[in-house]
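So you can see what is in the structure, the chains are spelled out below.
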Amino acid sequence: MPLVIGVPKETAAGEKRVATVPEVVEKLIKLGFAVAVQSGAGDAANFSDDAYRGAGAEVVDGAAALWAKADIVFKVRGPSAEEVGLVREGTTLISFIWPAQNSELMQQLAARKATVLAIDSLPRTLSRAQKMDALTSQAGVAGYRAVIEAANAFGRFFNGQITAAGKVPPAKVFIAGAGVAGLAAIGTAAGLGAIVRANDTRAEVADQVVSLGGEFVKVDYEEEGSGGGGYAKVMSEGFQQAQREMYAKQAKEVDIIVTTALIPGKPAPRLITAEMVKSMKPGSVIVDMAAEQGGNCELTEPGQAVVKHGVTIIGYTDLVGRLSRQSSTLYATNLFRLAEELCKTKDGTINVNMDDDAIRGLTVIKEGTITWPPPPPKQAATPPAAKPAAAAPAAKGGHGHGHGAGEPMAGSTLAIMFAVAAALFWLIGAYAPASFLGHFTVFVLACFIGYMVIWNVTPSLHTPLMSVTNAISSIIAIGALVQIAPPLVDGATGRPDELIRWLAVAGIGLTAINMFGGFAVTRRMLAMFRK
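Asker: Any details on the packing of helix α6 (residues 134-153) against helix α7 (residues 180-191)? Residues and values, ideally.
Answerer: Each packed pair of helices is defined by two parameters, the angle between the axes and the distance between the axes. Put simply, α6 and α7 touch, their axes get as near as 7 Å, and they point 40 degrees apart. As the angle between them shows, α6 and α7 are arranged oblique. Of the two elements, α6 crosses α7, and the hand of that crossing is right-handed. Contacts between α6 and α7 pair Thr 136, Ala 139, Gly 140, Gly 143, Tyr 144, Val 147 and Ile 148 from the former with Val 180, Ala 181, Ala 184, Ala 185, Thr 188 and Ala 189 from the latter. Here the residues of the contact of α6 with α7 are counted per class, giving nine nonpolar, four polar and no charged.

Here is the structure:
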């Protein structure tokens, strides 16, 4: 019998998302699962019971009946106390759990002998885990919505305009934190025409900020802020002081501040003080995306939008839920990708493989045993760098002459190669026709010039394949030009060899198309990143 995936209605106050959507139900059924959805589970996200039935799901009345039927439960928020009481022994629960902050919930679920996969515990450093990364998908939605909320509360246009009634300057937006949510906010604000500035403790995100149309504002203090796993770390007091000075300056200049700073397992860092709020222009807006974890702004009231010192401070904790249909679709896709990993046989059963780094990181409780936190991820196999050293004694003893990749070539080997090449060249010169030597010399020079002019340049603006093809094209073009310039004379007839000349003309024409076409494609690619 295939396992039943149950999708209950979310019970958390204000939660409008649902853990799966009709289009994903069809994909889950193709994996071999049966799907049951509690009646009304998708109403707040505009997914009707009829839509679920049409996709092949069974619609069940009441939470108790749904939990009793389900072998696997997909949820958004962690279960409430009432829902924990409905968990059957052997049930697999997949949802946001936040085990570091919810130790009591972990104990309750372990007592029910359930298996729990916390989608928030996914190891984000694994590239293959990106398709399951619900934190990223939901943060992108939140960043977009934060800017929309700011625009709603702001009293002017975002983009600058010149009208008969007067000139409207563009809004200035500052984004504190350029993680996934921050980058989404930068792209949205820039798309609306605002002047966007952003800061992050991780210097490597500066290029991403600029690529989205923002300006990266650097703190005048050197310290690396990467904390591993894609998160920032707690910075030193010296850095924090320099950062506060920079934030104070930005608060006086900008119209809108969006804060996104969070550190896993810790309260949200306080970035915007009451004094900074007082210094902002009347009518300015602050959107505090970290409100649920205490807030980045000292005056934030979680769940509320308040006006203090003439500044609107938005501390909504349901930004993702305010785009419930979009966020539900993305979250459902993340869970489907996880289901694919758990059910590789596509027969409606799952295997919680604790030898798989991604699944091991997600699994916080296995059959009633708490397995969180997971062990450090397995170290990748070290490249065999010791081979050249191991081969050194053999080389000293005269039994080997090879050299490892990246080592300088031995002088004796280089001398032998030159001697062999010189001997080959002498043999070619002694027995080949005179015309062949001329062509061969042109070919060697063309290869050298093509390499130095194009191939030897770092392919920063085009792919390596385009670099290689352009290098080959330059070789052909140079060789063809040499063939056209001096007319070649056929020794037998004394007439110019018109065949070679016209072949050279055709070669130049074809390579010109390739080279100019490559530049045209490059220009179009660059234009995609311009506003």
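Asker: Account for the sheet that holds strand β2 (residues 34-38), with residues named and values stated.
Answerer: Spatial ordering of the open sheet is given by β3-β2-β1-β4-β5-β6-β16-β17, a layout of eight strands whose pairing is mixed. The open sheet is flanked by β3 (58-60) and β17 (369-370), the only strands paired with a single partner. One ladder, built from four bridges, connects strand β5 (residues 92-95) with strand β6 (residues 115-118); its direction is parallel. Bridging from a neighbouring strand, Thr 92 pairs with Thr 115 of β6. Sheet strands touched by helix α11 (residues 324-342): β4 (72-74), β5 and β6. Its angle to β5, the strand with the most contacts, is close to 140 degrees.

Asker: An account of the packing of α6 against α11 is requested, with residue identities and associated values reported.
Answerer: Where α6 meets α11, the axes come as close as 9 Å, and the angle between the chain directions of the two elements is 170 degrees. Taken as axis vectors, α6 and α11 run roughly antiparallel relative to one another. Between α6 and α11 the crossing geometry is right-handed. Listed contacts from α11 to Ala 134, Ser 137, Gln 138 and Val 141 of α6 are Gln 326, Ser 327, Leu 330, Tyr 331 and Asn 334. Looking at the contact of α6 with α11 residue by residue, the classes come out as four nonpolar, five polar and no charged.

Definitions and limits used
- Numbering of residues starts from 1 in each chain and follows the order in which that chain's sequence is written.
- The predicted nature of this model means local features are confined to residues of pLDDT at least 70 and side-chain atom pairs, given and counted, to a pLDDT of 80 or more, with totals for whole chains, interfaces and linings taken over all residues.
- The basis for every side-chain value is the complete set of non-hydrogen atoms in the structure, without hydrogens or water.
- To obtain an axis, a line is fitted to C-alpha atoms, over the contacting stretch when the element is a helix, and the angle between two such axes runs from 0 to 180 degrees between their N-to-C directions.
- Helix and strand definitions follow DSSP, with helices as H or I runs of at least four residues and strands as E runs of at least two, each counted in order from the N terminus.
- Roughly parallel covers angles under 35 degrees, roughly antiparallel covers those over 145, roughly perpendicular covers 65 to 115, and oblique covers all other angles.
- Handedness of each helix crossing follows the sense of rotation of the near helix against the far helix: counterclockwise by less than a right angle gives left-handed, clockwise gives right-handed.
- Throughout, a contact is declared for two residues whenever any of their heavy atoms are within 4.5 Å.
- Classification used: nonpolar for Ala, Val, Leu, Ile, Met, Phe, Trp, Tyr, Cys and Pro, charged for Asp, Glu, Lys and Arg, polar for all others including Gly.
- Strands are treated as partners if at least two bridges between them are detected by DSSP.

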